[in-house]
Structure formats: structure tokens, C-alpha cells
Amino acid sequence: MAADRPCFPTSIHLSTPNAIRMNRALRMSRRDMLLGAMGAAAVVLGAGRGVAATPEGEDAGVPLFLELSRRLTDRDALDARIGGALYARIIQAVPERRDQIQKLHDLMAGGKFDSARALATAAEQSDPVFKDVIHDIMTGWYRGVADEKVVVYRSALMFDITKDAIYPKTYAAGGPFYWTQTPPEVAVPTGEPALSPSKFVVEPT
Amino acid sequence: MPDVTRKILWSVLATGTALASLSATPARADDPAVAAPPAAPAAPVAESTTPPPADLLARGEYIATAGDCVACHTAPGGKPFAGGLRITTPMGDVVSTNITPDPDHGIGKYTEEDFEKAVRHGIRRDGSRLYPAMPYVSYSGMTDDDVKAMYAWFMHGVKPVAVTPPVTELNFPANLRITMAVWNMVAGSVEPETGDSATYDKMRRGRYLANALAHCGTCHTPRNMMLSEKEDSYLAGAPLLGWYAPNITSSKTSGIGNWSEDDLVTYLRTGHVAGLSQAAGPMGEAVEHSTSRLTDDDLHALAAYILQVPAKEDEAEHGPRERFGQAIDTPDIRSGELTRIDKLDEMTGPHIYDANCAACHGDNGAGTSDHYAPSLFHNSVVGSAHPDDLIMTVLNGVDRTAGGLHAFMPGFDHGSDVQRLSNTEIAALVNYVTATFGSGDHGVTADQVEKMRKQLPKTP
Amino acid sequence: MPSEQDLSADVVIVGSGVAGSSIANELARAGISVIVLEAGPRVDRQHFVDNFRNLENKPSYQGPFPCVPWAEHPPNQITPNKYLHTTGPDAEAYQQVYLRMMGGTTWHWAGCAWRYLPSDFELKTRYGQGRDWALKYDDLEPFYYQAEVMMGVCGPDPAVEDLGSPRRQPYPMEALPISYAAEQFRNLIREKTPYRVVHEPQARNTRPYDNRPTCEGHNNCMPICPIGAMYNGSYSVYHAEAAGAKFVPNAVVYRIERDSANKRVTAVHYYDPDKGSHRVTGKYFVIAAHCIETAKLMLFSADEQSPDGIANSSGHVGRNMMDHTGVQVTFISGDKALWPGRGPLETNVIDNFRDGDWRNERGAYLVHMVDDNQVDLATALAISKGYVGRELEEQIRYLASHTVRLFSHNEGLADPDNRLTLSATYKDALGIPHPEVYYKLPEYTVKSCDHTRGLFKDLIGLMHGTDEQWTPGYFPQDHPAGSTIMGTDPKDSVVDGFCRTHDHENLFIASSSVFSSVGTGNITLTVAALALRVADTLKKELAHA
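Residues numbered from 1 in each chain as written. Chains lettered and ligands numbered in written order. Predicted model: local features only at pLDDT ≥ 70, side-chain atom pairs only at ≥ 80, totals over all residues. Heavy atoms only, no water.

- The name given to chain C in an unreviewed UniProt entry is GMC family oxidoreductase, and the organism recorded there is Komagataeibacter oboediens.
- The Cofactor (unreviewed entry) field of the UniProt record for chain C holds the comment "FAD". (UniProt positions renumbered as here; feature names shortened; annotations may be inferred.)

- The name that an unreviewed UniProt entry assigns to chain B is Sorbitol dehydrogenase, with the source organism given as Komagataeibacter oboediens.

Here it is, written out as C-alpha cells:
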């Protein structure tokens, strides 16, 4: 199986730029409609600073989401405030996700999975829809994005795991000319993917 | 050289009546009354043929640097010591004078005696009194030798500039220089130090530098009703033209009692000590033009003297101002919504911080890792119970070259090219910053910011 | 509502970008009255920084600038587009973006401040291709320097690194220290190829300059420098305002009125956002509204006197559309970790192909190694590959530190068939037609791009690259030029060497629209230099008037 997986997305070679752009435009219009219905539910920057509990924080699904997220990121600790905001965004975009997250949590609780990879592999085998759920969770925590909207930017995990080398754009804290210093070396990864590959589209600008 | 430094004096005014100017226009060349000064120990420069020895000139230059004459006697972008620094006061515009050795426009016709009278007694060549903006009360403590050296340097080491700055025109009663004679009786002067100031022991040298030359008290000591420095509150902190010259007594809660001598030396040399404080505004200029150019020995002497000044408590300060705050760890949970380019709505304090400050001072307030942009916690300016300096820094920015580094932060006032913040925005921002990284929300209002905005130096 | 009497000035300028605002600043400082009409609104930095952080598609540099309905600009580079309608065989290659708002498009540029080469002004004479300009490099040299001082340009010492454009003065600021990644690339090129990597001149502070801070490497020149270390037109707007120039935002100029002889422009008319009409009179007029909007305005102002549009007796308004249409490849380096994205975005280029005898048959080009933070792309990619947890984090670090992107600026060529027209279908909220552009990549440029691809393949090999991913087709560089082309002959050009229209003696154009050839360097510095030269001409003429 693994051998069949393309190492780098190949789809883009087969697409015309226009097809990619149209694809993006269509997705955008779908998203725009969803957003229109969302109204004022957005969490804004700063709300976490001083507001004791957001309505999302009280959702019973959040603790499950956090527990599941910890397993899927192989991390012991995740920020509950971010978790609440991500969960709210995910289930707002696709209401079925609430059930699916519950079921994925059940799957996790019913077995013994000692890694994110073990759980994700088993989940996709059990029901292909879990792949989308896991993508949402990974995209949420690592990119800080849910429903194609930014939930967190600098607090996304992708910046946590690269913080010894690079800053999020607009948050460079090295002072002038820090960039001349030698960044850390990175070994070639040896780990295997857990899920089947998906089409990767570079978003047109 | 954009120098606000001695505008300090004007803020002193803000507390009371109106004094002002550095001095009036210099005596005119056609002033016959002083053609032959009876007991002049040295002839005016025009008649001098042999220049004084190099070591005397070097000493004079050093003394003038320690006294920071250039700060007031140079206009923004102007030639050094040619005067023309203009400051708006409630009593009218004050303009510093040309103290280059040009005989017609500067002090070229001053004898050493004339010079001494102006520097130590505030009496200019035509016999009229200088406004006490000129810190002659401090300078009155200078030794004869140092006055002599400084005179030699001004006459021979400074390039004459043939420009007469505009005349200071003040409103009543500050326009009456006779008022100054009365003030002088109250303010008095101190006895000059004696002997060779270069051979003083460390503490005496430090006291000499602090009082007779650097005139620290001019800004850092509060004034009494007569605008004289309060002797019992020496260096206890005072407001000045929007800024606040902090308490630098040895108080551990209100002053700089937790600083080491090395800390203070570093501060005076570079304008910045990580984890303690940094200089902006008038102090930034004092560092740039004066203290950063002093010798190590003198900096240590000055620091040692300052650090033993008796503690004076400030009831407003509830703890060492450099010890408040810590890095924060708050996720940047966002709306994910974009605003249309013409929607310039005012934001909340944390939001303004994120959009304007976090890029350099960090989302956590820790500054840059090289301390180029300082940390906002463990920072005297943010931790102070007097938010004046923080507000003024946000408005005015920082522009200080010292210790081989040009520290720069843009201002955010109405003239900023980077971002122009409203009074409401600055108040919200400052309250957020002091609440998050300092000693609490001091309830700064938009009106307060507006008042301080008016104190900003005018661009030429 | 200002009365018509209030709206009159010695010089009326349409557009507040780098061209319009720098002219306004120069004139106002000389005591000349100036009104600048800007179609878009006043804006500020903090909201753009906030928009950027809220933007999901971070590489979309047009994204943080949602336009106002009365002054639309292209929302993105997607074809078909909601505003700039491109057609023809290479429609997608001309899908430019720009900004209509106070300060203009330099709110999002990478600060690359190239002078053109002397040969760029004499393409026809030297290589028999395209057109010559109606001025020479030497005519522009003093204004290049003036523009560099105005913007605050840093660059290398010509004695150490000669960029081919002779200088009488050093750069106002020292060159920017290049990043570790760029240094590795520079070393590779020096050691393994006959080529060289040079410091890119940039309008970016390497020390505090003009009351703005030193660059801190936020890697976000495009779309928005968060600290103001990079020049943008808004500074010239502020400086001009401080000097007394009057800027009118949300003023959409739609008509250029002339005298009965059709020789002099007498007024321009603009709509406010509610479509109230206003008339502004003046002695001189400058259209500085970006290449595309300038041509659009001149065509839309057609009337009985000038049925083909203003200053268009030659028929060349809207023609000769050029760009630096380029190629791009992304791959994974097999060498050491580079961690691109530390420091400014574009700092170093291979400049060996900016000029050569081969320009008689194929276009020149320059190559950027993009120093762009790849963490987000790496993350999206690694997730799509199916990684989770620990393995995902490994992948992100590897991909983010080894992704290399090269792109080129390839030289376009003036071809009258590449043409801007007014859309018959689409109109904006004020009823003004959208612009439409037909574009077919000139063969000259196609050959240049082919050559670039060959070079890129060599470089990928040298870096032991894998997973190479070519951006399909050609892509626009947002350096549109040529729509009111310069020339000596009024029969086949729109403006003369001083950017004055052949048809109307008091109408000037300050824009890349006057370029007769497009060279390879980013266009902004040349736009600014031409604009400052227009200001110089106007100052002289008004002094004599």
C-alpha cells in the first residue's frame, strides 16, 4: 500500500491552473454560503484573555475532542482554549462531525492505541469518513485552520515544532539580521503515513 | 540632533509660573560697554593668537560633553552649538542661543570672565539675567579650572557659525528678566568645587559629575513652589513635559536601589539594560550626547554616587518597577474574518497590541531575543506607577544612538508613517500593556493622551 | 461636500500610489498647489496586519485587502476573475493584481528596487527587438538616485558587486545581510556554476531611515510589512500632505475634459461613492493610476472630440501590454536544511541573464530564490500525505526546512495585439466598465521561459532536488506595463520622453504604462524615477508660467 502512495502530490501536474482555480473558487462559494449562516458565532482575538468561559467551552463534546486530539497529535498537553475554538468551528461547518468525533472517540476508547498512527490507521479501516475527521483535527491543530478559516495563527502547532528555526510571519522575534545565523539541521524522516494520501492542491493566490 | 532634552525645564514650568529660555540673544558686536573688560584673565578669541594646549582643549570638550551643552544649544538638523532649538511653552516660544565662537552671532566676544558669569551665575555679557532654563545653578558648582578649560574649548574647539537664531519672545511675566533676579535670590547657587576635579576620589568625582556637570537633579528632582529643586527630595522623580523623570534614589521600591553599579554604568553608556530599563525621550538624548561619551571611571564614579543618594519613597509605587510582569502565554484565537480596507474601526487594547506591538515586542511581551526590542515585563517604564513615559514612548517612539547601536522604535502619533493611533487607542493600549506586563491598569484616558500629544516636540 | 471652486490646483494628479504621491510631495515642497484624487479609501497598517493573520490562504497577497465597491481591484489571480477579465491564449498569464487605495500597490510589494540596465532603454537599437524608449539611461540616472533616497533603498557597493546600472552615488543604505538559506544558494552557484548571485537592491531599511525602523525579517513584505521597514507609497502620501498637498480619497475619476481645440486638459471629473459628480480644474494634469487603470480611464473618457479615448490619436492607448511573465518551480533539496523564510522575502538573484547578445532572439530574465516561510505549505502537504502525530511533525520540519522555490522574471515585449479594452459585459457599482485584457505571450518571452526552465533543471540537479513541482503554464508577476507607451513618433506612441502625452500638452502620465520595454527588474523604482522626472518638468514649467 505504502509503495503506491505518491511521495509528492502528483495531481497538480495533471491539472490546468484554471481547473485548480475553478476548484478553489467553487469551494470558496460553498464556504461563503456556510459562513453567511454562521453569523456572529466567531471567537475573536482577545476573547480568551479575560473571558472566563466561552459558550463553546461548555460543550460536552470538547473534552472528547481534546482527548482524541491528544492521541492524534501524540501530545500529552494541548491548549483547551484552542481546542474549544477548533471544535466549535469544525462542528459549525459540518454538523455531522459532532457524531463522528464521538464515534472516533469511542473507537479509541474501545481499543488500545499507543500512537496517533495506530489509531488513525485503524480508524480509516473502520470507516473512511474518519479520514476526513482526522484531517480536520490535524488541520485544526497544526495549521490553526478549520472550515478554511483561521482559528489560531501563531499558536498553531506547526510553529511550535519549528520554533527553534523559524518564526511565524509577522511575529519574528530575533531582532534585525537574525536570519544570518545557522538554523538547525533536520534529519530525513523515517516515519510512515497513517492515512491514504489525498489530492493536494496548491491554493492559487 | 533632535534634542528635547532640556525641554525638561519647560515642564518644570508646567507646575508653576513661567520661566523659560536658555538665554537671550547674545550681546551684540556693537556693544561698546564691554570693549575693555578690566580684569579679564583671558582675551577674547578674536585677539588670541596662540591656541591653548591640546590637553586643555580636550578637557574642555569633555566637560562640555558631561554638561551636555549641545542638547539645548543645537536645533534639530542644525549645526552644533549654533542654537535655534525652539520649544513652545505656554509663555511663548523659547529659542536657545548660538554659543559658537562667532564674534557677531555667538559668544566670540566673551571674555573668560563673561563666560564664567554666564555659566556659573546666569548673568550674560550685557548684564541681564538668563532664564534658569540654563542650569547655571548646577554649573555654579564647577571648578575654576573646568570653567577655564571649557571656555578654551568653546573658543578654539567649536566651529563658529554665523547665524543668529530667532529671539526668544515670552509673555509677561517671564519676559521680565528682572524676575529672574528675584528667583535667583531664592534658588541661590552653590559654592564652586575647588582643586583639580580630575584628581578627586571616586565619590567626590561622582558628586561633581552628577551635580555640577550632568545636572541630574534638574530633571529628576521635584521643584518647590519657587521652582527650585527640593533639597529634601533630591532625585526623587518629577514630571517634565509629558515625560516623567523617575525616582533614582536608592529606594528599593521606588527608586533604583536594586540596580548594581555595573547596571547603572551600562545604562548610562548604552541607554539600555535588559531586564531593567531603557532610555527614551530626554534621557535617551542625555545618554546619546553626554553620558555615553564619558570615561569608564567617570561612569563608575557617577553611578556609585547616584546609588548612595538617600532613599526617598514614592507612595504611588508599590513595588520595584523593574520587577513587575512576566511573559504571557495566550493563544491567538481569531475570528478568521477580514475587514474591508476602508473599515478602520478602533480595536481593543489586546488587539491593538497584537497588530502594532507584538511584531517586535513579541506576542508574549518578551521582546526580541537580542533585546533590540526590549521586553515589556521586567521593564521600569512599563512597571512604573507613572505611565507617562510609556505613553510618551508610544507617541514619540525611541531614537537613540549609544554604545554602538542605533535603537529605534517608530512613534504612533499623528505624524507617524508607520501607524497613526487615536487617543482612545493609545489609552486602551497603554492600559492593556501596564495591566498585562506592569503594575496594573492605571486608567489612562484619551484626554490624558491628548494632553501629552500636545507636548511632543514640533518638527521643524 | 466640497464646492467646485474649492477643487482647483496648479497640478491635479489622479492616483496616490508611489508615482502620484511622490510627484505631489515634490510639487508641494516647491510651493505648488496639488490635488490628488484617489479612487480608493484611506487605509492603515494595523488592520492589514490583522487581516493577514486572519487570512487562511496566506500566500494570497491580495487577500488581506478586500476592496470597496466603488473602486474594485482584482480579488485574486484566479481566471476567470471578478474584476480584471483576461482573454486570449495566455489569459491566465496576465491575471495581474494591484490595489486601489491610498498609497497604492506598494502596500504589497517585496521592495525590490532595480534600476533598469542602459540596454533596456535601447532594445530596438541594440538587439532589433521591440522598441526603444524616448529617453536614455543617463537621462534617468539622477532621478533613479532621487527615488532611491525617497524610498530608502539598500544595495551593494558597486565596486564589490556591480549590478550593471552605472551609479554616480552609492546606495543610500548598505546592502541587507542575506539569510543563511540565501548564503547557501549563493555559495552553490559560485562554486558549481559559471553564474553569480547578487544582492537585490531593496527599498527596505538596513538601519533606521526616514523615521521608520530597521527590517526585522518578518518575512511578510508581501502582503504587509508589519513594522514599516519597507517603503510603500503611503509614506509619500503622508509627506506630501505634510507639505500641503491635498488628497481626496474615494474620488473615482471618470472623465478627462479638454478645451475646444482638444489640446489642453481643462478638468477631470470624479464620482464620490454615492456617484455624486465633482469637477476639478487645474493647469496641469497627471494620470498616475496604475498601468491598467490609467489606460481604462483614458479609454472610458472617450467623447465626441476624442472618440477613441484621450491622448489616443495613435490608437495605442491600451495596447502593448507587457509583464515579466515567468516560470516557477518548487522542489525538495537533498542537501542541508535551508529553512527558507528567515529574513525578507526576496533578497538575492541570479542576474547573468539580464542582458546578452542573445537578446536579439529571446528575452532576458532574472532568477529569484524565494526566501519564503514554507511551514504552512509543508504542513498542508504532510497532512495530505496521510501523516499524523509524531510522524507528521517530523515531516513538517523536514519539508519546511528543505523546500526550495525558484521563479523568474522573463522579459515581455511590446505587441499591439496584447490589448486592454473596456468590458462590454461587466461594470462596477458606479457603472464604469471593468478592464479586459487580451494576452498572448510573445514568442520572445516564450523562448526566454524555455531557457529558464533549462537553468532551473540544472539547479535542481545541483541541489539533489526531488519532488519537483512546476507551477503549470506561466504566471503573472504583477508588473504590467506598456498601455500608454512612450515613443518619439506621435503616430505609434502615446507619450514622449518626458511622459507628456503627444496629444495634450498639459497632460502627463506617471506609470509603468509608459514603458517601451519591460526589462527584467521590478518596475517600481523606474516608475518612481519617471514620476520624479515629471515632477521636475512640472516645477520648471510652472516656474516659467
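Now that the structure has been shown, the text picks up again.
Structural notes on the interface of chain A and chain B
Inference 1: Opposite the 26 residues of chain A that make contact, chain B presents 22 residues.
Inference 2: Together, the buried faces of chain A and chain B total about 2200 Å²; carbon and sulfur atoms form 53% of this surface.
Inference 3: Counting every contact that joins chain A to chain B gives 2 salt bridges.
Inference 4: Ionic pairing is found between D363 of chain B and R154 of chain A, a salt bridge with its closest N-O pair at 3.5 Å. (Contact = heavy atoms within 4.5 Å. Buried area = accessible area lost by both parts, 1.4 Å probe. Salt bridge = Lys/Arg side-chain N within 4 Å of Asp/Glu carboxyl O.)

Observations concerning the UniProt feature "binding site: heme c 2" (unreviewed entry) in chain B
Residue and element names in this part refer to chain B.
Inference 1: Look at the UniProt record and you will see "binding site: heme c 2" (unreviewed entry) annotated at C216, C219 and H220.
Inference 2: You can see C219 is positioned in helix α9 (residues 217-220).
Inference 3: Assignment of secondary structure puts H220 in helix α9. (Helix = DSSP H or I, 4+ residues; strand = E, 2+ residues; numbered from the N terminus.)

Let's talk about the sheet that holds strand β6 (residues 197-199) of chain C
Residue and element names in this part refer to chain C.
Inference 1: Judged by pairing direction, the sheet is antiparallel, and its 6 strands sit side by side in the order β6-β12-β13-β14-β11-β17 without closing on themselves. Edge positions in the open sheet fall to β6 and β17 (466-470), since each of these has one partner strand only. Ignoring strand direction, the axes of neighbouring strands in this sheet form an average angle of 25°.
Inference 2: Where strand β12 (residues 348-350) and strand β13 (residues 365-369) come together, 2 bridges link them in antiparallel fashion. Each bridged residue has a counterpart across the sheet, and for I350 the counterpart in β13 is V367.
Inference 3: Running at roughly 140° to β6, helix α5 (residues 180-192) makes contact with β6, β12, β13 and β14 (403-410) of the sheet.
Inference 4: In this fold helix α10 (residues 443-462) packs onto β11 (328-332), β12, β13, β14 and β17, with an angle of close to 155° to the strand it touches most, β14. (Pairing = 2+ DSSP bridges. Axes fitted to C-alpha atoms, helices over the stretch in contact; angles between N-to-C directions.)

A closer look at the interface of chain C and chain A
Inference 1: The interface of chain C with chain A comprises 72 residues on the first partner and 72 residues on the second.
Inference 2: Here chain C meets chain A over a buried area of about 6600 Å², counting both sides, of which 61% is carbon and sulfur.
Inference 3: Counting across the chain C and chain A interface gives 5 salt bridges.
Inference 4: The interface formed by chain C and chain A includes 31 residue pairs in polar contact (both at pLDDT 80 or more). (Polar contact = N/O pair within 3.5 Å; in protein donor to acceptor, adjacent residues only side chain to side chain.)

A look at the pattern of salt bridges
Inference 1: With the rule as written, the count across this model stands at 54 salt bridges over all chains.
Inference 2: Here E450 of chain B and K454 of chain B are joined by a salt bridge, their closest N and O atoms 3.7 Å apart.
Inference 3: E450 of chain B gets classed as partly exposed once you look at its relative accessible area, which sits at 27%.
Inference 4: Via salt bridges that share partners, D332, R334 and D354 of chain B together with D50 and R53 of chain C belong to a single interconnected network. (Buried < 20%, exposed > 50% of the residue type's maximum accessible area, 1.4 Å probe, protein only.)

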